[in-house]
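For reference, the chains in residue letters:
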Amino acid sequence: MFKRTFAAIAAMTILASACAEEETPNTSSRLRDSGTGTASTGLTQAYASQCARCHGDRGEGGNGGLYPALPGSRDESGYITIVRAGKDGTQMPAFTATDISDADLKADYATLKAR
Ligand code: HEC
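Residues numbered from 1 in each chain as written. Predicted model: local features only at pLDDT ≥ 70, side-chain atom pairs only at ≥ 80, totals over all residues.

Caption draft 1: Inspection of the overall build of the chain at higher detail. For the chain, the helix and strand inventory stands at five helices and zero strands. When contacts within the chain are restricted to residue pairs at least 6 apart in sequence, long-range pairs at least 24 apart make up 39% of them. (Helix = DSSP H or I, 4+ residues; strand = E, 2+ residues; numbered from the N terminus. Contact = placed C-beta atoms within 7 Å.)

Caption draft 2: The site of the ligand, seen in detail. Of all residues adjacent to the ligand, which total 23 residues, the nearest are C51, C54, G72, T90 and M92. Broken down by secondary-structure element, the contributors of at least two residues to the shell around the ligand are helix 3 (52-55) and helix 4 (76-85). Among the residues making up the shell around the ligand, the classes are represented as 14 nonpolar, six polar and three charged. (Near = placed C-beta within 6 Å. Nonpolar A, V, L, I, M, F, W, Y, C, P; charged D, E, K, R; others polar.)

Caption draft 3: Local environment of the nonpolar core. Judged by nonpolar contacts, L43, A46, Y47, C51, L70, Y79, V83, I100, L105, Y109 and L112 together constitute the single largest core of eleven residues. Within the residue set of this core, elements represented by two or more residues are helix 2 (45-50), helix 4 and helix 5 (102-113). The greatest single-element share of this core, amounting to three residues, is contributed by helix 5. (Core = buried A, V, L, I, M, F, W, Y, C linked by C-beta atoms within 7 Å. Buried ≥ 20, exposed ≤ 12 C-beta atoms within 10 Å, placed from the backbone.)

Caption draft 4: Local environment of the packing of helix 4 against helix 5. Running from amino to carboxyl end, helix 4 crosses helix 5 at an angle of 130°, the nearest separation of the two axes being 10 Å. Comparing their axes, helix 5 and helix 4 come out oblique. In the packing of helix 4 onto helix 5, the handedness of the crossing is right-handed. Of the residues in helix 5, those touching helix 4 at E76, Y79, I80 and V83 are D102, L105, K106 and Y109. By residue class, the composition of the contact of helix 4 with helix 5 is five nonpolar, no polar and three charged. (Axes fitted to C-alpha atoms, helices over the stretch in contact; angles between N-to-C directions. Parallel < 35°, antiparallel > 145°, perpendicular 65-115°, else oblique. Left-handed = near helix turned anticlockwise from the far one by under 90°.)

Caption draft 5: Focus on the environment of T98. Its location among the elements puts T98 in the loop between helix 4 and helix 5. Residue T98 is classed as exposed on the basis of its C-beta count, with 8 C-beta atoms lying within 10 Å. Taking the C-alpha atoms as reference, T98 lies 9.6 Å from A46; in sequence the two are 52 residues apart.

Caption draft 6: Main features of the environment of T111. Its place among the elements puts T111 in helix 5. Residues T111 and R58 lie 53 residues apart in sequence; the distance between their C-alpha atoms is 9.8 Å. Setting aside chain neighbours within four positions, we find T111 in contact with G42 and L43.

Caption draft 7: Highlighting the confidence of the model for the chain. For the chain, the mean per-residue pLDDT works out to 79, and 66% of the residues sit at or above 70. At the low end of the mean pLDDT range in the chain sits helix 1 (residues 2-23), at 48; at the high end sits helix 4, at 98. This model gives residues 12-34 a pLDDT under 50, and the stretch forms 26 contacts once residues within four places in sequence are excluded. (pLDDT = per-residue confidence, 0-100.)

Caption draft 8: Looking closely at unusual backbone geometry. Look at the link from L70 to P71: it is a cis peptide, with omega at 10°. Locating P71 in the fold gives a position in the loop between helix 3 and helix 4.

The structure is reproduced here in structure tokens:
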């Protein structure tokens, strides 16, 4: 039941953002669309704008392992937890749902896990 509702909401969000994209192709809101993969990496636009600078365009990690490859050691809920909370004492910041939605995090987790 929850899954189906979630999928419906995600689908509506994608449709709504697809329309918004046509009207405003170069605004920052486009970078926060939910659940849309980028053509080149398969990860979301939100990933590209929020995470790629540290974890790499394709989640390969960076800076000699300082930024771990993703999804790393976590399961899906652990992945979302660290993104929402950040990690004290490291460079891993906390992100709100405005920065990157749960739908985007789940989509990225599935893509990264499948690699
Ligand atoms: C400013 C750099 C930076 C940004 C931006 C950043 N991270 Fe991180 N992230 C880190 C660092 C550094 C760590 C390792 C923390 C540690 O030492 O445990 C980390 C750890 C993680 C981990 C845990 C990996 C594991 O194996 O435990 C996940 C998951 C993660 N980041 C996801 C993300 C996502 C998703 C985003 C974008 C929403 C993001 N990060 C943005 C620097 C960053």
